[in-house]
Amino acid sequence: MQLDHNKYLKRCLDLALRGASGTHPNPMVGAVIVSETGEIIGEGFHEVYGGAHAEVNAVKNAKSDVKNSTIYVSLEPCAHHGKTPPCTDLIIKHKFKRLVYASHDPNSLVSGKGIAKILSHRIEVIGPEDLDPEIVAEANYLNRAFFKILNRESWITVKIAINENGEMITVPKQITNSNSQKDVHLIRASHQAVLTGSGTLIEDDPQLNVRFSAEELGLAQIKQPYRMVLTSNPKINLGDFKISQGEPRARLITNPHNTLDLSPNCQGQGLKLKAIISELRQEGISKIMVEAGPRLSSSFLDSGLVDELIVYQNTNNRELIKKMGLKLSPILIDGKLIPGKANERDDLRLCYKLTN
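Residues numbered from 1 in each chain as written. Predicted model: local features only at pLDDT ≥ 70, side-chain atom pairs only at ≥ 80, totals over all residues. Heavy atoms only, no water.

1. With respect to the environment of T70
(1) Moving on: Its location among the elements puts T70 in strand β3 (residues 70–73).
(2) Moving on: With relative accessibility at 2%, the residue T70 sits in the buried group.
(3) Moving on: Taking the C-alpha atoms as reference points, T70 and G51, 19 residues apart in sequence, are found 23 Å from one another.
(4) Moving on: Among residues more than four places away in sequence, those in contact with T70 are L3, V32, I33, V34, F96, R98 and V100. (Helix = DSSP H or I, 4+ residues; strand = E, 2+ residues; numbered from the N terminus. Buried < 20%, exposed > 50% of the residue type's maximum accessible area, 1.4 Å probe, protein only. Contact = heavy atoms within 4.5 Å.)

Below, the structure is given as structure tokens:
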């Protein structure tokens, strides 16, 4: 029987997303076990860092013997002993007939090593080069942050909402629908930290935490992000604001000289932001979401540090971003319509990468 690789790999990707809040610094991975007749007999995903990998959970959840079945995995199986044993050994032990994986793992401890071992046991391997390029692109996109962080770099996401004139919202005003608000909480849950500025802190008094349940967001669990306020005033008392509520405790971040020049013409602003991001990376915080006002958001966007810009707007005009006058050119990489509830307008969430 000819198996539909795209169908099962798509299921792997859907499963992998359920681990978005708990797997860092590991990648998100999903696995599906398919019988020779095309029936899914086992599923699993990597739920939490240090816990069982997707392949292990899929075998554990299998409802029948997996011998001679096909295992689909969104990412190349690991081949080294870390917090858990190698998944390649598991695949060999259970005598799978075939391995299909959608994305190479560039980690030097993994890349190609396990595949060679699996092939030596006469297990068929179908990798990214043999698959539909679209499903491979989806798998690579899923772990885009992991791949960059693997090179000891940070991943920065800036989230903004813009009005019909292409202007970032400058005052506490909700222009997006309730489903978009829920979507923002999902993005927060997938980052280690949420960073804002003192202006937003004072004007909006945000909490910047995740206030939906794991079930509501389709996640296995929620790991609350660190909440950080970038300011030139170290005397701000966070206890006066909602951001002080809950764990982990919010913190102030000031630059070394206790001044933060975020004016558009400041030649040194990128270097200052780079120093702050570098310091956070040294602390192990490398996946950061910026939810701030126009001033700080624009400074990040101009700095060259931003990997993705996520824009929420309540109009379907995909050219609206051109009105923002960004220094770096935005290239659309993903778009999603977010339907509103009763008496709400539909929103559009657009994701861009910025290039020179």
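Now that the structure has been shown, the text picks up again.
2. Points about the pairing of strand β8 (residues 226–230)
(1) Moving on: The element β8 is extensively covered by neighbouring structure, given that four of its five residues are classed as buried.
(2) Moving on: Here five bridges tie strand β7 (residues 193–197) to β8, and the two strands are oriented parallel to one another. Across the sheet, G197 pairs through a bridge with L230, a residue of β8.
(3) Moving on: Judged from the three bridges that link them, β8 and strand β9 (residues 251–253) form a sheet pairing that is parallel. Directly across from V229, in β9, lies its bridge partner L252. (Pairing = 2+ DSSP bridges.)

3. What about the sheet that holds strand β2 (residues 40–45)?
(1) Moving on: Taken in spatial order, the five strands line up as β2-β1-β3-β4-β5 in an open sheet, and their pairing is mixed. On the outer flanks of this sheet lie β2 and β5 (124–126), each paired with one strand and no other. Ignoring which end each strand starts from, the neighbouring axes of this sheet average 15 degrees apart.
(2) Moving on: Pairing of strand β1 (residues 30–34) with β3 involves four bridges; the strand directions are antiparallel. (Axes fitted to C-alpha atoms, helices over the stretch in contact; angles between N-to-C directions.)

4. Quick look at unusual backbone geometry
(1) Moving on: For the bond running from H24 to P25, omega is 10 degrees, close enough to zero to count as cis.
(2) Moving on: Tracing the chain through its elements places P25 in the loop between α1 (5–17) and β1.
(3) Moving on: The omega torsion of the bond from E247 to P248 falls at -5 degrees, within 30 degrees of zero and hence cis.
(4) Moving on: Among the secondary structure elements, P248 is positioned in the loop between β8 and β9.
(5) Moving on: For D205, which is not a glycine, the phi torsion comes out positive at approximately 50 degrees.
(6) Moving on: Structurally, the position occupied by D205 is in the loop between α8 (198–204) and α9 (214–217).
(7) Moving on: Owing to a relative accessible area of 23%, D205 belongs among the partly exposed residues under this scheme.
(8) Moving on: For N343, which is not glycine, the phi torsion reads 65 degrees and is therefore positive.
(9) Moving on: The topology assignment puts N343 in the loop between β12 (329–338) and β13 (347–355).
(10) Moving on: Judged by its relative accessible area of 84%, N343 is exposed.

5. Notes on the sheet that holds β8
(1) Moving on: Spatially, β9-β8-β7-β10-β6-β11-β13-β12 is the arrangement adopted by the eight strands of the open sheet, whose pairing is mixed. Both outer strands of the open sheet, β9 and β12, are each paired with one neighbouring strand and no more. Between one strand axis and the next, the sheet turns through 25 degrees on average, direction left out of account.

6. Digging into the environment of G50
(1) Moving on: Following the sequence through the fold, G50 ends up in the loop between β2 and α2 (54–60).
(2) Moving on: For G50, a relative accessible area of 36% gives the class partly exposed.
(3) Moving on: Between the alpha carbons of G50 and H5 there is a distance of 29 Å; along the sequence they are 45 residues apart.

7. Digging into the packing of α1 against helix α5 (residues 133–142)
(1) Moving on: α5 packs onto α1 with a crossing angle of 10 degrees between their chain directions and a minimal axis gap of 10 Å. As the angle between them shows, α1 and α5 are arranged roughly parallel. Seen along the crossing, α1 lies across α5 with a hand that is left-handed. Taken together, the residues of α5 that come into contact with α1 (itself represented by N6, L9, K10, L13, A16 and L17) are I135, E138, A139 and L142.
(2) Moving on: Taken together, the residues that form the contact of α1 with α5 break down as seven nonpolar, one polar and two charged. (Parallel < 35°, antiparallel > 145°, perpendicular 65-115°, else oblique. Left-handed = near helix turned anticlockwise from the far one by under 90°. Nonpolar A, V, L, I, M, F, W, Y, C, P; charged D, E, K, R; others polar.)

8. What to know about the environment of I115
(1) Moving on: Mapped onto the elements of the fold, I115 is located in helix α4 (residues 113–120).
(2) Moving on: Sequence separation between I115 and D89 is 26 residues; the distance between their C-alpha atoms is 11 Å.
(3) Moving on: Excluding its chain neighbours within four sequence positions, the residues that come into contact with I115 are E76, P77, L99, Y101 and V125.

9. Focus on α4
(1) Moving on: Turning to α4, its buried residues are G114, I115 and I118. End-on, the buried residues of α4 take up no more than an arc of 100 degrees, which puts them together on one face.
(2) Moving on: Buried residues belonging to α4 abut α3 (87–93), β4 (98–101) and β5.
(3) Moving on: Once α4 ends, the next one or two residues include R122, with phi positive near 60 degrees. (Arc of directions from axis to C-beta.)

10. Some remarks on the nonpolar core
(1) Moving on: Counting residues in hydrophobic clusters, the biggest one holds 33 residues, and the most contacted among them are V158, I160, I288, F300 and L309.
(2) Moving on: Only β6 (155–161), β7, β8, α10 (269–282), β10 (287–290), α11 (294–303), β11 (308–313) and β13 provide two or more residues apiece to this core.
(3) Moving on: Counting 26 residues, the second largest nonpolar core, distinct from the first, contains A20, V32, L131 and L142. (Core = buried A, V, L, I, M, F, W, Y, C linked by side-chain atoms within 4.5 Å.)

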